[in-house]
Amino acid sequence: MINRLTEHRELDSFDIRYVGLILAILGIGVLSIYSVTYGQRGVGTPYYLKQLIWIGVGAAAFLIMWASDYHHLARFAYPAYAAILVMLVVVLFEGRTSKGAQRWIALGPLSFQPSEFAKLILVLVLAHYYSKAPRVGWLQRVIVPGLLVLPGLLLILKQPDLGSGLSFVAVYAAMLLMVGVRSQALGVILLFSIMLFPFAWEGVWGSLHDYQRQRIMAFVDQDYDPGGKGYHALQSRIAIGSGELLGKGLYGGTQSQLKFLPEGHTDFVFAVFAEEWGFMGVLVLLALFVGLIWLSLEIASKAKDQLGTLLAAGIVAMLCFCVVVNIGMTAGMFPIVGIPLPLVSYGGSATIMTMAALGLLLNVKRKRLSLFY
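Residues numbered from 1 in each chain as written. Predicted model: local features only at pLDDT ≥ 70, side-chain atom pairs only at ≥ 80, totals over all residues. Heavy atoms only, no water.

An unreviewed UniProt entry annotates the chain as Peptidoglycan glycosyltransferase RodA originating from Candidatus Nitrospira nitrosa. The UniProt entry for the chain carries the following comment under Function (unreviewed entry): "Peptidoglycan polymerase that is essential for cell wall elongation." (UniProt positions renumbered as here; feature names shortened; annotations may be inferred.)

Participant: Whenever I open this one, the nonpolar core confuses me. Can you help?
Facilitator: If you look at the biggest cluster of nonpolar residues, it comprises 99 residues, and the most contacted ones within it are Tyr18, Tyr130, Leu292 and Leu341. Considering every element that reaches this core, the biggest residue donor is helix 13 (residues 269-301), with 15 residues. Beyond its immediate stretch of four places on either side in the chain, Leu292 contacts Tyr18, Leu21, Ile22, Ile25, Leu319, Leu343 and Leu358. (Core = buried A, V, L, I, M, F, W, Y, C linked by side-chain atoms within 4.5 Å. Buried < 20%, exposed > 50% of the residue type's maximum accessible area, 1.4 Å probe, protein only. Helix = DSSP H or I, 4+ residues; strand = E, 2+ residues; numbered from the N terminus. Contact = heavy atoms within 4.5 Å.)

Participant: Whenever I open this one, the environment of Leu362 confuses me. Can you help?
Facilitator: Position of Leu362 among the secondary structure elements: in helix 15 (residues 348-369). In the structure, Leu362 is positioned 300 residues away from Phe62 in sequence and 9.0 Å away in space, judged by C-alpha atoms.

Participant: How should helix 8 (residues 162-178) be read in this particular structure?
Facilitator: An α-helical turn contains 3.6 residues, so any two residues separated by three or four positions project in the same direction. Under the 1.5 Å per step criterion, the end-to-end length of helix 8 is 24 Å for 17 residues, consistent within 8% with the ideal 24 Å. With 12 of its 17 residues buried, helix 8 lies for the most part within the structure. Looking at helix 8, one finds that the buried residues are Leu162, Gly163, Ser164, Gly165, Ser167, Phe168, Ala170, Val171, Tyr172, Ala174, Met175 and Leu176. Backbone geometry just after helix 8 places Gly180 at a positive phi near 95°. (Expected span 1.5 Å × (residues − 1).)

Participant: Just checking my understanding: could you explain the state of the cysteines for this structure?
Facilitator: Evaluation of the coordinates by the stated rule reveals zero disulfides. Between Cys320, a free cysteine, and Cys322, which holds the nearest cysteine sulfur, the sulfur-to-sulfur gap is 9.6 Å. Residue classification places Cys320 among the partly exposed residues on the basis of a relative accessible area of 24%. In this structure Cys322 comes out as buried when scored by relative accessible area, which is 6%. (Disulfide = S-S within 2.5 Å.)

Participant: What am I meant to see in a nonpolar patch on the surface here?
Facilitator: Together, Trp138, Leu139, Ile143, Leu147, Leu150 and Leu154 line one region of the surface with nonpolar side chains, adding up to about 580 Å² of accessible area. Note that Trp138 resides in helix 7 (residues 137-158). (Patch = residues over 30% accessible without salt bridge, like charges linked within 9 Å, V, L, I, M, F, W, Y side chains within 5 Å. Areas by Shrake-Rupley, 256 points an atom, 1.4 Å probe, with all protein chains shown as cover. Salt bridge = Lys/Arg side-chain N within 4 Å of Asp/Glu carboxyl O.)

Participant: Got a minute to help me understand the pattern of salt bridges in this structure?
Facilitator: In total, this model carries three salt bridges according to the counting rule given. For the salt bridge of Lys119 with Glu116, the shortest nitrogen-to-oxygen distance reads 3.0 Å. Of the two residues, Lys119 and Glu116 are both situated in helix 6 (residues 114-132); the distance of three residues between them amounts to about one turn of the helix. A residue is classified by how much of its surface remains accessible, and Glu116, at 4% relative accessible area, is buried. With a closest N to O distance of 3.4 Å, Lys302 and Glu298 form a salt bridge. Residue classification places Glu298 among the partly exposed residues on the basis of a relative accessible area of 29%.

Participant: Hey, could you run me through the UniProt feature "transmembrane region" (unreviewed entry) in the chain in this one?
Facilitator: On the UniProt side, "transmembrane region" (unreviewed entry) is annotated at positions that read residues 16-36, 48-67, 73-93, 138-157, 169-201, 277-297, 309-337 and 343-364 here. The annotated region residues 73-93 carries 95% helix and 0% strand content, and the separation between its end C-alpha atoms amounts to 30 Å. Counted over residues 138-157, helix gives 100% and strand 0%. Its end C-alpha atoms are 26 Å apart.

This is how it looks when you write it as structure tokens:
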């Protein structure tokens, strides 16, 4: 009887609403990738078919993370973090370079981006640490976890991958809030970071590359270098604005179809979607993201233990940060930092990591509904 009840509860944990929202967002992503790459000729598998393959791999990762016990996964957090740090070091020496960034490890015809998986592993590390560490003093709550974050952050910034680096900071800040660090303390940390920014800008530590500084200048001054580093942001704003209320329809976007908008299938896929489906389509996509985040927050608030709460909160913070920054940078509200839109942008590593993270989040709900740990 108990076994039958446990099985029923675990099946209930596979929330159809949650999975439905994920599938809907994935569908929008595949449709947008198909549209923006429609008519391209050349050797190789089309991007939308590759994305379907990554989604299939991501679905397997989702099910594995859902079916596993997050308590067991957390025990391997430190070894997994050590392994990903080794991979990030390998990237610096042997990584594949594309468009000025060295972020990928090649495995034959395939390649993967360790910095994407590092974000999820960081959530595991910090959740495991805070669930075991005493909550007294800055040393235990701020300094030690900060030292855990620092090696991965510096290695990622060195690639350079400013987007993933900022995601590291966002997860760390969210965890600090979850364990009760006062907002004033976070303000001090933020102020200290701002004070260090001029040193990074001048290249004292080599943190900011020339193209990153130029992107920030293009954000501050919308008319800065419209034919160069400001081109992406300018064309993205034009694409979003030209979609108007109802959009131009599938294949109808001039900015995307005529290739005025670079990287339309990756970082700027939101601009492609907005141009083709307009303001109403954007509202639908945002509603899907809000629904997914709302259900995720519900899981975090009802988690069975502190570890589950921290895991869920870290994943929600990572997801929210990526959604807000990607949409913000394509709309001209933030500088361009190279963050993909979760479940929508093309990319194997990002898609697999995001689906694994969402599976882990649903795992937290599964353990809450289970009669046993």
